[in-house]
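Structural overview for review
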Amino acid sequence: MRVVYLSPCGQMGGAEICLVDMLLSVRAAQPGWQLCLVVGEDGPLAGHARAAGVHVIVAPFPRRLARLGDSGNGPLQAVWSSMKAAAATLRYAWNLRRTMAELQPAVIHTNGFKMHVLGVWVRPKNIPVIWHVHDYVSTRPLMKTLLRLHAHRCAGVIANSNSVARDVRQVCGSQPDTVCIYNAVDLQRYSPLDNTLPSSETDLDSLAGLDRPDENTVRIGLVATLAHWKGHAVFLRALARLPQDVPYRAYVIGGAIYQTENSQRTVEDLRAMAVALGVSGRTAFTGYLPDTSGAMRALDIVVHASTQPEPFGRVIAEGMACGRAVICSAAGGAAELITEGEDALAHSPGDEEGLAARIAELIRDPELRGRLGRAGRTTAERRFDPSRLSSELIPMYLRVSRP
Ligand code: GLC
């Protein structure tokens, strides 16, 4: 059995971390299977996949295709960019079709919008393609139309939450069958204390070029890529609303890792915003961190502040697995992950006042932080154990490849 995975992106965002978890899980459960990854960009994903024993082919996207996207663009801009990218995309598809013919997969598993469409174009005859959908489709002007048009050529859809599954069904209908498979989290790495590492906490202050604050300082962090909708502005505005006397330091952890045009903010923008809001003295910027587990352990409060419904929200699951008090922007798939007041606190997307109130409550109440953190860890162990992935994926591969 040979499974070929197609990923547009070579950096380690949430969808790519999820892909590596799946590769590891399938590899462990089926050591005899051949796993192959074709990735549209060289980068850390290729290295992680190779380390997992996966055969990797880097087939770089032409620049215009790499930059093409409708997450930060309006419909007209998206159509115009796709027209400009058309010739390069067709050439790319032609070459990818040849690669697929040589690989002769039993199943193709695609892990990003561009590969969902390319996958059904280039699959060898009768070879099933599974779309693994990590983001809402109905809000994407271009992708919504493209996926609807190609859905009849897809054998099955995996959605990362029930909320995304409903969205896919609304756009693509009941055929192909859509199932929800939640992300998993490496529960050893994302754990309250990691004894395998010399220091289990990342020194966030040195990374940001700051001195260590005093012992009573509560550390609050937003861990996210710099996509516009990840709520950095809401986070900074919530900090500006905190009473002056509460002892905290805030950390913005993450970088702009995706190439898609207009989809990301820059750290410079965010620094300027922190200055304008009067919180720059208490806010540190670490940039992108390849492993966020140590950073989460260094925090007391992990903030998730997406301004749109979050499809899944790995950061929430990872923060809970690290036993930290998590504040979640509870909409979409993210709302499925927590039980408000028991294993995390919640606020509504974009509600900076609500977020400030939750942060202030947690800063003042270390016992509440401890209780939420312990309950969060229990939830993570119950719901996000990686061993679940292969037992959900493998039956699906077998079902679509032997109809
Ligand atoms: C995408 C989603 C995010 C999710 C990740 C993994 O990045 O936006 O919510 O956690 O995929 O499924």
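Note that this is a predicted model, so its numbers are computed, not measured. (Residues numbered from 1 in each chain as written. Predicted model: local features only at pLDDT ≥ 70, side-chain atom pairs only at ≥ 80, totals over all residues. Heavy atoms only, no water.)

**Quick word on the packing of aromatic side chains**
Evaluated as defined, the whole model comprises five aromatic pairs. Summarising the aromatic geometry, the rings of Tyr5 and Tyr397 are spaced 6.4 Å apart at their centres and angled 75 degrees between planes, so their arrangement reads as edge-to-face. Of this pair, Tyr5 sits in strand 1 (residues 2–7) while Tyr397 sits in helix 16 (residues 387–401), and the two are 392 residues apart along the sequence. Relative accessible area serves as the criterion here: at 0%, Tyr5 is assigned to the buried category. (Phe/Tyr/Trp six-rings, centres within 6.5 Å; stacked < 30°, edge-to-face > 60°. Helix = DSSP H or I, 4+ residues; strand = E, 2+ residues; numbered from the N terminus. Buried < 20%, exposed > 50% of the residue type's maximum accessible area, 1.4 Å probe, protein only.)

**Here we look at the sheet that holds strand 1**
Strands sit in the order 3-2-1-4-5-6-7 across an open sheet of seven strands; the sheet is parallel. Edge strands, defined here as strands with exactly one partner in the open sheet, are strand 3 (55–58) and strand 7 (178–180). The sheet shows a mean angle of 20 degrees between the axes of neighbouring strands, taken without regard to direction. Inspection of the sheet shows strand 2 (residues 34–39) paired to strand 3 by four bridges, in the parallel sense. Paired with Val39 across the two strands is Val58, which belongs to strand 3. (Pairing = 2+ DSSP bridges. Axes fitted to C-alpha atoms, helices over the stretch in contact; angles between N-to-C directions.)

**Let's talk about the sheet that holds strand 8 (residues 218–223)**
Strand order in the open sheet formed by six strands is 10-9-8-11-12-13, and the pairing between neighbours is parallel. Looking along the sheet, the strands with just one partner apiece sit at the ends: strand 10 (283–287) and strand 13 (345–347). Across the sheet, the mean angle from the axis of one strand to that of its neighbour is 20 degrees, orientation sign disregarded. Pairing analysis gives three bridges linking strand 11 (residues 301–303) to strand 12 (residues 325–329), with the strands arranged parallel. Counted as the bridge partner of Ile301 is Ala325 from strand 12. Contacting strand 8, strand 11 and strand 12, helix 12 (residues 314–321) runs over the sheet at an angle of about 165 degrees to strand 12. Its contacts with the sheet put helix 14 (residues 352–364) on strand 8, strand 9 (248–253), strand 11, strand 12 and strand 13, and the angle it makes with strand 13 is roughly 160 degrees. (Contact = heavy atoms within 4.5 Å.)

**Regarding unusual backbone geometry**
Here Gln175 and Pro176 are connected by a cis peptide whose omega angle stands at 0 degrees. Within the secondary structure, Pro176 is located in the loop between helix 7 (162–172) and strand 7. Unusually for a residue other than glycine, Gln104 sits at a positive phi of about 45 degrees. Within the element layout of this structure, Gln104 appears in the loop between helix 4 (75–103) and strand 4 (107–110). Positive phi outside glycine occurs at Asn126, with the angle close to 65 degrees. Along the polypeptide, Asn126 turns up in the loop between helix 5 (113–122) and strand 5 (129–133). For Asn126, a relative accessible area of 66% gives the class exposed.

In short, shape yes, function no, at least from these values alone.
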